[in-house]
Amino acid sequence: MTRSIRYLCFGFIVGSLGIVYALPPAEGALLDGLMEGVEESLGKKAEEKGERLVIGNLYQAERPDSHAPIGVMQDHTHNKGEFMFTYRYMYMYMDKMRNGTDNLSSNDVLKDFAVTPKNMTTQMHMFSAMYGLNDTVTLMAMLPYVMKEMEHQNRAGVNFTTNSSGFGDTKLAALWRLYAFETPSIGSHRFHLNTGLSLPTGDITPTDNTPLGNNSLLPYPMRLGSGTVDLLPGLTYTGVRNDVSWGFQALGTVRIGHNKQGYKEGNRYQVNSWGAYRWADWISTSARLNWQQWYNIKREDGQLQTTVGPAQIPLVPTADTDRQGGQRLDLMGGVNILFPEFMGLENHLNVEAGAPIYQYLDGPQLKQAWSFWVGWQMVM
Amino acid sequence: MNNIALWILLASLSLVMGPGASHAYEVGNVQTGGSIHGRVSFLGSPPEPLHFKVEKNPEVCGQERSLMKVEARDGFLTGAVVVLEGIDTGTPFSPKTFTGNLPGTGEFRYLGGESLGLEVKTKDCNFGPFTGVIAANEAVRFQNQDSIKHVLHSFVSKDPRGRILRTVHNQDLQPRNEIVRVFPSDKMEDGVVVRIICNRHDFMQNWLYVVDNPYFAISDQEGRFTIDQIPPGTYTLLVRHPVLGEQRQEVTIEARGDLQVGFAFVDE
């Protein structure tokens, strides 16, 4: 099943590249010229209402909700020659253990494992840039700096903490405009294709001191990257009508091959849907649902200690490749603030925070408690 | 062998140029040209001007602005674009300047010569008059003389009323700065009109009809227009307006002749 999905995604990216090369060199949305029947019909309806149908690049940085909530990436394309720099900070807190949808106490976990995680924080500083290469393609690059901290307890009641930090995986993406149209009465509707690669620049052999010894190799959740080249296919739709905007995005992370430690992280899929309301020219608020599903690890890191003692007691759930998958639905609320022409540029300050309303974990695993995002975006 | 190479070269050139490569206008001598005089009338009541409360940059644009999409006086239409089609050779493009309606004083300046040479001088949140002309494949200089940013969004349409508009450029026009943009023929294919708007100021809306020769005119405040030094021949004379649409008639220009024509748009 996973292999089929991988081939499907690979085909999706190669196919989209093929479409692009097969099309005439004119710059524009990929489906321009292929939708004349639809356009005629929409144009006729618009004319009956005394309106005009607009086809084309409708990106406007001048609205606070011209960008999706800050937790969503690759949500919009840019006009030719336009740059956008973004700094994002994310703080995620995971607390207490869960198996399936059942909460577990530390003692529950310690019946089967020598050590249990108690909580974990992940902080990411993400630096990204988008550039409108032409009216068809917007390029994106993102480099995160990741800091992780996990608190544990062992059967002796001893608490200890491990840390890892460093640059994560680098993401490169091309966003292909598919189609966009607008009339005053039906609003504007934009579609684009997301294609990208994640390059394995994050450390997958972080170490720290533990009761087992100094410089122990840390388990999978503490690693800063996947160690593999990953495909990042996706599809995005956004809409705007008067003071309301909305969007839908499906994105995948499909792992290619196994990393140098001999394992492969599970694929990850997510669907975002959001709505925003513009209260004034400079402020909008948003609500977002984020569904994520991720799979267990294939094979294993042979250097990672997974048992302890002569009885070979499982060491910690985070070292078990079959206890990494899960599903989660997050509800997020956000605020976008526009600072027009601040330092001569369109600036956006965006904040978002939320918590899961459902999570099913192939546990025992730490469950997510809440997350917080803040970002500054400059369009030039 | 040389012939084969020549054919390959010609075939390659035809592929590069594409089937749509059109014959460009050439400047030549017109010794016995004729002229056309005419008036464009409007029968009916013009719609009320649109009024806009200025939300962005009122300190530059003013608190309120209006936009008159059909400007008629005493039954005659101002701003109708009159175009003579089908002329491949003739006089050079004449330099002309048209200024927008107050309070804005933007200008459409046509430098003339072997090409149209359009310059759009944006001033007081005004690109220029409501209507004008533009040529495909020519560089257009957009100047912003305001101290604020405008976002120039241009569209092309195959329909004189711009029923379906396609984006050509969507570009920031920084304060007291300029950009040069070409409206390429592949995007302008079959396009008859370019609409320019400012994404930040919704009252800034203009319509530029596509021309490929210098034989055009824009009706003045009395609805009058004149086109002269026309090579003798039979042509199609078009009059276009973004709200009222298009009318056309066949005209025959005789050597040193002066043809009087009239067009009448009716309020629907």
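Quick note: structure is the one above.
Residues numbered from 1 in each chain as written. Chains lettered and ligands numbered in written order. Predicted model: local features only at pLDDT ≥ 70, side-chain atom pairs only at ≥ 80, totals over all residues.

**Quick word on the environment of N159 of chain A**
Residues and elements named next belong to chain A. When you line up the elements, N159 lands in strand β6 (residues 159-167). The exposure class of N159 is exposed, given the 9 C-beta atoms found within 10 Å. In the structure, N159 is positioned 28 residues away from G187 in sequence and 56 Å away in space, judged by C-alpha atoms. Leaving out residues up to four positions away in the same chain, N159 has contacts with E151, H152 and Q153. (Helix = DSSP H or I, 4+ residues; strand = E, 2+ residues; numbered from the N terminus. Buried ≥ 20, exposed ≤ 12 C-beta atoms within 10 Å, placed from the backbone. Contact = placed C-beta atoms within 7 Å.)

**Overview of the pairing of strand β4 (residues 115-132) of chain A**
Moving residue by residue along a regular strand, the side chains alternate between the two faces of the sheet. Residues and elements named next belong to chain A. Across 13 bridges, strand β2 (residues 83-100) lies against β4 in antiparallel orientation. Pairing of F83 across the sheet is with Y131, part of β4. Relative to strand β5 (residues 137-154), β4 is paired through 17 bridges, and the arrangement is antiparallel. If you follow M126 over to β5, its bridge partner there is P144. Between β4 and β5, which pair antiparallel and follow one another directly, the connecting turn spans four residues. (Pairing = 2+ DSSP bridges.)

**Looking at the nonpolar core**
Nonpolar side chains tend to gather and get buried jointly when the protein is soluble and globular. Ranked by size, the top nonpolar core spans 76 residues in total, and within it V82, I134, V194, Y209, V210 and F216 of chain B carry the most contacts. For F216 of chain B, the contacting residues outside a window of four places in its chain are V81, V82, V83, L84, V133 and V211 of chain B. Of all hydrophobic cores here, the second largest spans 15 residues; its members include F113, M120, L218 and L366 of chain A. (Core = buried A, V, L, I, M, F, W, Y, C linked by C-beta atoms within 7 Å.)

**Describing the interface of chain A and chain B**
Residue-level contacts link 16 residues of chain A with 16 residues of chain B. If you list the elements that add at least two residues to the side of chain A that touches chain B, you get α2 (36-48) and β1 (53-55) of chain A. Of the residues contributing to the side of chain A that touches chain B, the split by class is five nonpolar, five polar and six charged. Pairing of β1 of chain A with strand β15 (residues 164-173) of chain B involves three bridges; the strand directions are parallel. (Nonpolar A, V, L, I, M, F, W, Y, C, P; charged D, E, K, R; others polar.)

**Quick look at the sheet that holds strand β10 (residues 107-110) of chain B**
Residues and elements named next belong to chain B. Strand order in the open sheet formed by five strands is β9-β10-β11-β13-β16, with mixed pairing between adjacent strands. The strands lining the two open edges of the sheet, one partner per strand, are β9 (96-99) and β16 (177-182). Taking each pair of neighbouring strands and ignoring which way they run, the sheet shows an average axis angle of 15°. For β9 and β10, the ladder comprises four bridges, and the chain directions are antiparallel. Across the sheet, the residue bridging to K96 is Y110, located in β10. (Axes fitted to C-alpha atoms, helices over the stretch in contact; angles between N-to-C directions.)

So, to be careful, I would describe these as geometric facts and stop short of saying anything about function.
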